[in-house]
Amino acid sequence: CLLLARAMGKLQSKISFHTTKYRADGCAGQTGPAGSSRQHGPAHTDAVTSVAALKPDLCVSGGRDKSVAVSSWRSGAALHRFLGHEREVTKVTSALDSSRVFSASRDKTVMMWELHGASGPRQHFPGHDLVVTGLAVSPDASWLCTGSRDNTVCKWDTETGECLGRAAISRNLVTHLCWVPGEPYVIQTSEDKTTRVWDSRELQVAHTFPAKQHIQTCCDVSQDGRYCLSCSSGCAGHGAEATLWDLRQTRGRVCEYRGHFQTTTSCVFLPQGPTLAPSIATSSSDSTVKVWDRDTAGRG
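For clarity, every value in this text was computed on a predicted model and none was experimentally measured. (Residues numbered from 1 in each chain as written. Predicted model: local features only at pLDDT ≥ 70, side-chain atom pairs only at ≥ 80, totals over all residues. Heavy atoms only, no water.)

Caption draft 1: Local environment of the UniProt feature "repeat: WD" (unreviewed entry) in the protein chain. UniProt tags residues 82-115, 125-166, 174-208 and 257-293 as "repeat: WD" (unreviewed entry). Structurally, residues 82-115 comprises 0% helix and 56% strand, and the distance from its first C-alpha atom to its last is 9 Å. With 0% helix and 63% strand, residues 174-208 has its two end C-alpha atoms placed 14 Å apart. (UniProt positions renumbered as here; feature names shortened; annotations may be inferred. Helix = DSSP H or I, 4+ residues; strand = E, 2+ residues; numbered from the N terminus.)

Quick look at the structure:
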């Protein structure tokens, strides 16, 4: 459970099973041996909209309460709370092991926060005309790419806050962004049913995968940079699949993962171990999380 929680950058599904093991006041019931699972006081006063790993023992979250919180995986305590957005936070991200945290909001802006700095934003990135729905930071946290429902993707210098590029594509309502590890490429999903690969150096589309039948809601990239995932909206068993794409020369579809009955809201590559088969996880509006064998699409 902890592995899945850390891996899920955004978990929108309503997990129906095991909910009776937790009390509404924030105290935890037992889920096995004493002390094996705990639930602490809330980091937010309203719904949590996004969560991402920050350091091996820290995560960052954003909520409808307009705040950004940094919490400890180990203790469950909320260590920092940042305020500055005027509307709900839609996405949060960070470069792993960095002290910089980034948040996007319905107030059309992105903010950068320093983990050990002041409670106010370290940098402010205005410029989008509608809600910011995509956020990806380079591994060294020097560059930031943002996407919006205004059909644009922007690139920013995180030190100066300068907008280094802005690209618009008709009907490209951005749903998610993620950076390819060790590469200058950014993956983007869209309501136009496509998944794009952007070259961040010139902010140009390097490749567009074949359009799916439904809106693409989220994306993720494997740690080795060889594959990316996208997932689809759907209803009554139609659509709602996740798709594995090859980022190498073939840049083709490798596999599909079907089994959700409503929109698949999130997809993620799970960390690999020496004795574990490569796996992915998906979450859905059908109230389930599914774990799949990456190569065979078999469910674990």
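Caption draft 2: Region of interest: the environment of Arg166. Tracing the sequence through the fold places Arg166 in strand E12 (residues 163-168). Distance from Arg166 to His128, taken between C-alpha atoms, is 9.7 Å for residues 38 residues apart in sequence. Leaving out residues up to four positions away in the same chain, Arg166 has contacts with Gly127, His128, Asp129, Asp150, Thr152, Val153, Cys154 and Leu203. A polar contact is formed between the side chain of Arg166 and the backbone oxygen of Gly127, at a distance of 3.0 Å. (Contact = heavy atoms within 4.5 Å. Polar contact = N/O pair within 3.5 Å; in protein donor to acceptor, adjacent residues only side chain to side chain.)

Caption draft 3: Local environment of the pattern of salt bridges. Taken as a whole and judged by the stated rule, the model has 17 salt bridges. Arg81 serves as the salt-bridge partner of Asp65, at 3.2 Å between the closest nitrogen and oxygen. With Asp65 in the loop between strand E2 (58-63) and strand E3 (67-72) and Arg81 in strand E4 (residues 78-83), this residue pair connects regions lying 16 residues apart in the sequence. By relative accessible area, Asp65 is classed as buried at 13%. Overall, Arg81 belongs to the partly exposed group, its relative accessible area being 39%. Salt-bridge contacts for Asp129 lead to Arg166; the nearest nitrogen and oxygen are separated by 3.6 Å. Of the two residues, Asp129 is situated in the loop between strand E8 (123-125) and strand E9 (132-137) and Arg166 in strand E12; the sequence distance between them amounts to 37 residues. Note on Arg166: relative accessible area 42%, which makes it partly exposed. (Salt bridge = Lys/Arg side-chain N within 4 Å of Asp/Glu carboxyl O. Buried < 20%, exposed > 50% of the residue type's maximum accessible area, 1.4 Å probe, protein only.)

Caption draft 4: Layout of the side chain of Ser105. When you line up the elements, Ser105 lands in strand E6 (residues 100-105). Relative accessible area serves as the criterion here: at 0%, Ser105 is assigned to the buried category. A polar contact of 2.9 Å, which involves the side chain of Ser105, links it to the backbone oxygen of Glu88. Non-local contacts of Ser105, meaning those with residues more than four positions away in its chain, are made with His85, Arg87, Glu88, Val89, Thr90, Val131 and Val132.

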